[in-house]
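Residue-level structure breakdown
The lines below spell out each chain.
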Protein chains: 2
Amino acid sequence: MAGKPEDKNLDYESPDARLGGLTELSNLYGLTPKVEAAIIGAIAEGHRERLISLIAPLHPADQADMVERLNQAQRHRFTLMMRQHLNAQMLTYLPEDILEEVVSVYGVDGLAQALPELDSDDAVDILEDLEDEEQAEVLAAMPVGERLIAEDALSYPEHCAGRMMQREVVVCPSHWTVGQSIDYLRGLSDDELPDDFYVIIIIDPARRVKGQVRLGRLLSSGRPVRLENIMETAPHQIPATMDQEEVALLFQRYGLVTASVVDAQNKLVGVITVDDIVDVIQEEAEEDLMALGGVSGAHLRASLIASVQSRFLWLFVNLMTAILASVVIGFFDKTIERLVALAVLMPIVASMGGNAGTQTVTLAVRALAMRQLGDDMVNRFIFREAMVGLVNGFIFALVTGLVALLWFQNLYIAIVMGLAMIANMLAAALSGAGIPVLLARLGVDPAVSSSVFITTVTDVIGFLTFLGLATLFLV
Amino acid sequence: MAGKPEDKNLDYESPDARLGGLTELSNLYGLTPKVEAAIIGAIAEGHRERLISLIAPLHPADQADMVERLNQAQRHRFTLMMRQHLNAQMLTYLPEDILEEVVSVYGVDGLAQALPELDSDDAVDILEDLEDEEQAEVLAAMPVGERLIAEDALSYPEHCAGRMMQREVVVCPSHWTVGQSIDYLRGLSDDELPDDFYVIIIIDPARRVKGQVRLGRLLSSGRPVRLENIMETAPHQIPATMDQEEVALLFQRYGLVTASVVDAQNKLVGVITVDDIVDVIQEEAEEDLMALGGVSGAHLRASLIASVQSRFLWLFVNLMTAILASVVIGFFDKTIERLVALAVLMPIVASMGGNAGTQTVTLAVRALAMRQLGDDMVNRFIFREAMVGLVNGFIFALVTGLVALLWFQNLYIAIVMGLAMIANMLAAALSGAGIPVLLARLGVDPAVSSSVFITTVTDVIGFLTFLGLATLFLV
């Protein structure tokens, strides 16, 4: 969920103070264990006024956290009790599945009334999390003005600039003076002003962006100064169809605070501010981390069934890999029968390859996400990884060879071990670097699928070279 | 590196336009392959004027990217040629090792002259990346005013709010009117104004923070309005000693744009803005991802030796784990000799445990980083993971048991396989959930060390239960 802009009214306080005992932590986090216990108590007792008086002073983010902490039955009661007093802003902070639960109790009409209170990007944030049918019902029940804005935003693909952007923009022509602009701003109603803005966008009569003036600059300049004289050109105009990940990279690279969003005709359609980017960066980094760990989409408070399901697929795919490795071992059952030391040592080769492969994959996935693996870098990266694999392969060939020699007093086992180690570390480096790049070019998320392929390669090559060489030279 | 605020002057353009062929990409990214080639050419030919004319119009972030893309010899030449024209802002975008290289050519005096051009947080950003000795020399050569500010910042521990914050703050008393505040701002010199600010902080005579007024609100209010009437209370005042990770979590949770930083006496000492947070979030998420993949601190353009070293330690620790697993297998060499099917199937049990453990560790590491695993959640999390492990353990016991039965036509192998699978999946869940929590409580980074322990557990338990049960019941 992109874009949880700071709320207009920051005057949230900690009810903990009223419950006695204002600690340092409760200065910073509104939801303390004491408040949580009091809220759960109020829900249990059905004490509506008390519940409202405990919830209202909390920041919407804390309210959402509280709703998440409740169990399903408590959440149901809570939503019924708070129905008329639910803070619409709070909904933007809820994860998708919890939002669905709350909305099912809150009802389509309740939501349709609440959404127009929010900025357009926040309303879209909630709408896009709903099921298609529910979304259509809520849209139909919304006031026509807000509905059209929301429908326009939803017409852009998910996760793109057109969805993230704020449509409320303050624009002025470049020939205006500082004084004129300030008078203009003072004349706008609260409804016309965005909740939060840091720049005035300077446009030409065709609504094309000429530049921007920071509010700090505007305030410190004299009234007669013309905007064009304090305007910065804005080279980073974001196409409305750009993916949020690309937008976040631009913001990061150039330290942007506000960027204009333009349509295909280069006309201004909205702005994106850095506070909307914070969530995107968090989200994108988390997605890669979770995907590499095989727990995409998992979260801490998911139900048991959802958790089992979310782990199952990944484990099942890995089981196929493991069975394939076993089939390879099965080819050499006669060899192992004659020399059981091979069965003892063979996991070492496979496991070292797997770990080296994971290292390279992690580096590749991160570099791809940060757009650091352009065409000019790919060959250099694969070559570099192959060299690293070879060097470490030689080092670990010596170490593991020595271990094998000391353990089984057999020079030939040691040599076979060393050769297999070099081969597998090289295979790990080549597949660890090459497969993510290939998947990315095919349009598949490398974070999700790479490691299965790499484990397959390192297991198969590991067992095949070790047991194969042993069959040739030892038995 | 925290804090790369937007530059005062945004008027960077793409020299690509002058080289012919303005593409859409070059609108957004200044450093195109054509520009890069032209710059490398100018360095090779020693054409100083041409180099400067190519570099100057680039955004400092692009300049830094260019410096990174050069090889060591080119970088040396580049720094010498650009010496008098180096953009100090560019230095803030360089990674630590490249910065060291550039500074060694640029020299202490050059750096000491360049740093005062920057905002205090940017100067500190560069200073903290230098070796202690070099840092002391540069500080000694800096003008006394800037030196004292930098020394004060450096007196705070690394990665804390006191280092990140901007010391240039605009403050007003609450009884001032909007008109008074704007006149005051107009009277300030460029040096007294921060490069960028979004709020005016309202303080009392003891410099304690009473609240803040957003510039947008200030601009849209009439001149006679008193600040106290448009002020928001600011409940999130950040202690100067707070770790940057905690600061980033506060900004994210509450969607903050600006937060005051206060000392132990609750007096205002600086502000942190959301654009400084973007880098922290990026950095912290990347650290966890890289640590889990066993490539902490690695980066794409590291030297071969540095790359080999950065991978070696992790692989070596994992080798110890693999050898331990082999020792366990060695206990059962007689069993394997008599029934070689065990050698074929045993990697499946270990590998499924390893993958399930990785899933749980990933979830745990992420939850710990997001401060979602408080005391109230830990037991619930471990219990939940154990349940997920048991359920998936039973499912995969059936699947792998069936595979073993069909493959080797031996019901007892199938039963042993199933029992070992359940035991190992449970062990994976318990260690995957428990070890990161334990490490975090001991003050060890769970992202770095957890997976080695978990692999050890799942390898040992996997081989031990499978081969042990087989020894008891089969041979």
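A quick note: this is a predicted structure, and the numbers were derived from the prediction, not measured.

Turning our eyes to something else, we now look at the overall build of chain A. On a plain count of helices and strands, chain A comes out with 24 helices and six strands. The C-alpha radius of gyration of chain A comes to 30 Å, more than 25% above the 23 Å expected for a compact globule of 475 residues. Seen through its principal axes, chain A has C-alpha atoms that stretch 90 × 65 × 45 Å. Accessible area of chain A: about 18400 Å², with a carbon and sulfur share of 57%. Across chain A, 32 positive and 62 negative side-chain charges occur, with their mean positions spaced 5 Å apart.

This part is about the sheet that holds strand β5 (residues 258-262) of chain B. Residues and elements named next belong to chain B. With mixed pairing, the three strands of this open sheet are ordered in space as β4-β5-β6. Taken across any chain shown, the strands that pair with only one partner, and hence form the sheet edges, are β4 (238-239) and β6 (268-273). Examined bridge by bridge, β4 and β5 share two bridges and lie parallel to one another. Counterpart to I238 in the pairing with β5 is V261.

Glancing now at the domain arrangement of chain A. Domains assigned within chain A are domain 1 (15-160), domain 2 (171-292) and domain 3 (304-473). Relative to domain 3 of chain A, the C-alpha centre of domain 1 of chain A lies at a distance of 48 Å.

Now for the packing of helix α23 (residues 411-441) of chain A against helix α24 (residues 446-473) of chain A. Residue and element names in this part refer to chain A. Two numbers describe how α23 lies on α24: the axes approach to 8 Å, and their chain directions differ by 160°. With respect to α24, the axis of α23 lies roughly antiparallel. By crossing handedness, the relation of α23 to α24 is classed as right-handed. Each residue belonging to the contact of α23 with α24 can be placed in one class, and the counts come to 19 nonpolar, eight polar and no charged.

Taken as rigid bodies, chain B and chain A are interconverted by a rotation of 180° and an axial shift of 0.0 Å, the fit giving an RMSD of 0.1 Å. A rotation of that kind, with that shift, is consistent with a two-fold axis.

Before going further, it helps to spend a moment on empty space enclosed by the protein. Considering all chains together, one arrives at 15 cavities of 30 Å³ or more under this definition. In this structure, the largest cavity encloses a volume near 1100 Å³. Around the largest cavity, the lining comprises 48 residues; the ones closest to its centre are A:G354, A:N355, A:T358, B:N355 and B:T358. Where the lining of the largest cavity is concerned, the elements lending two or more residues are α18 (274-292), α19 (304-331), α21 (341-369) and α24 of chain A together with α18 (274-292), α19 (304-331), α21 (341-369) and α24 (446-473) of chain B. Top element by residues in the lining of the largest cavity is α21(A). It accounts for 10 residues. Considered class by class, the residues forming the lining of the largest cavity number 23 nonpolar, 23 polar and two charged.

Turning next to the environment of A:T400. Position of A:T400 relative to the elements: it lies in helix α22 (residues 375-408). Take A:T400: its relative accessible area is 2%, and that puts it in the buried class. A:T400 sits 15 residues away from A:I415 along the chain, and the two C-alpha atoms are 9.6 Å apart. With residues near it in sequence (within four places) discarded, A:T400 still touches A:I348, A:M417, A:M421 and B:L319.

Attention shifts here to the packing of aromatic side chains. Within this structure, the stated rule accounts for 11 aromatic pairs over all chains. Centre to centre, the rings of A:Y198 and B:Y198 are 5.1 Å apart; their planes meet at 50°, and the pair counts as tilted. Here the residue A:Y198 occupies a position in the loop between α14 (178-187) and β2 (199-203), and B:Y198 occupies one in the loop between α14 (178-187) and β2 (199-203), the pair thus bridging two chains. When sorted by exposure, A:Y198 lands in the same class as B:Y198, which is buried. Between the aromatic rings of A:F312 and A:F316, the centroid separation amounts to 5.7 Å while the plane-to-plane angle is 25°, which identifies the pairing as stacked. Of this pair, A:F312 and A:F316 both sit in helix α19, four residues apart, which is roughly one turn of that helix.

The next thing to look at is the environment of B:L111. All names here are of chain B. With respect to the helices and strands, the residue L111 is situated in helix α9 (residues 108-114). Sequence separation between L111 and A306 is 195 residues, and the spatial gap between their C-alpha atoms is 27 Å. Among residues more than four places away in sequence, those in contact with L111 are L91, V103, Y106, I126, L130 and V138.

Residues A:V327, A:F331, A:L464 and B:W407 make up a contiguous nonpolar surface patch of about 360 Å² in total accessible area. By the secondary structure assignment, A:L464 is in helix α24. Taking the relative accessible area as the measure of exposure, A:L464 reaches 37% and is therefore partly exposed.

This paragraph deals with the sheet that holds strand β1 (residues 171-172) of chain A. Read across the open sheet, the three strands follow the order β1-β2-β3 (chain A); overall the sheet is mixed. Sheet topology places β1 and β3 (209-214) of chain A at the edges, where each strand pairs with a single neighbour.

What follows deals with the confidence of the model for chain A. All names here are of chain A. For chain A, per-residue confidence averages 87 on the pLDDT scale, and 94% of positions sit at 70 or higher. Taken element by element, chain A is modelled with least confidence in helix α1 (residues 15-19), mean pLDDT 41, and with most confidence in α23, mean pLDDT 96. Scored below 50 in pLDDT, residues 1-26 shows 86 contacts in the model against residues more than four places distant or in partner chains. In the predicted assembly, ipTM is 0.83 and pTM is 0.83.

Attention now moves to the interface of chain B and chain A. Reports of interface size often rely on the accessible area that becomes lost once the parts have come together. Listed as interface residues are 132 residues of chain B and, on the opposing side, 132 residues of chain A. Overall, the association of chain B and chain A removes approximately 11600 Å² of surface from exposure, summing both partners, and the carbon and sulfur fraction of that is 64%. At the boundary of chain B with chain A, the tally comes to 10 salt bridges. A salt bridge links B:R214 to A:D196; the shortest N-O distance between them is 2.6 Å. The interface formed by chain B and chain A holds 26 residue pairs in polar contact (both at pLDDT 80 or more) in total. Residue contributions to the side of chain B that touches chain A peak at 17 residues, all from α21(B).

Calculation criteria
- Residues numbered from 1 in each chain as written.
- Chains lettered and ligands numbered in written order.
- Predicted model: local features only at pLDDT ≥ 70, side-chain atom pairs only at ≥ 80, totals over all residues.
- Heavy atoms only, no water.
- Helix = DSSP H or I, 4+ residues; strand = E, 2+ residues; numbered from the N terminus.
- Rg over C-alpha atoms; globule rule 2.2 N^0.38 Å.
- Areas by Shrake-Rupley, 256 points an atom, 1.4 Å probe, with all protein chains shown as cover.
- Lys, Arg positive; Asp, Glu negative; His and termini not counted.
- Charge placed at Lys NZ, Arg CZ, Asp CG, Glu CD.
- Pairing = 2+ DSSP bridges.
- Domains from an automatic or database assignment.
- Axes fitted to C-alpha atoms, helices over the stretch in contact; angles between N-to-C directions.
- Parallel < 35°, antiparallel > 145°, perpendicular 65-115°, else oblique.
- Left-handed = near helix turned anticlockwise from the far one by under 90°.
- Nonpolar A, V, L, I, M, F, W, Y, C, P; charged D, E, K, R; others polar.
- Least-squares fit on C-alpha atoms with pLDDT ≥ 70 in both.
- 1 Å grid on protein atoms, 1.4 Å probe; cavity = no way out; pocket = protein on both sides within 12 Å on 5 of 7 lines; lining within 4 Å.
- Points joined across faces, edges and corners; volume = space filled by probe spheres on them.
- Buried < 20%, exposed > 50% of the residue type's maximum accessible area, 1.4 Å probe, protein only.
- Contact = heavy atoms within 4.5 Å.
- Phe/Tyr/Trp six-rings, centres within 6.5 Å; stacked < 30°, edge-to-face > 60°.
- Patch = residues over 30% accessible without salt bridge, like charges linked within 9 Å, V, L, I, M, F, W, Y side chains within 5 Å.
- Salt bridge = Lys/Arg side-chain N within 4 Å of Asp/Glu carboxyl O.
- pLDDT = per-residue confidence, 0-100.
- Buried area = accessible area lost by both parts, 1.4 Å probe.
- Polar contact = N/O pair within 3.5 Å; in protein donor to acceptor, adjacent residues only side chain to side chain.

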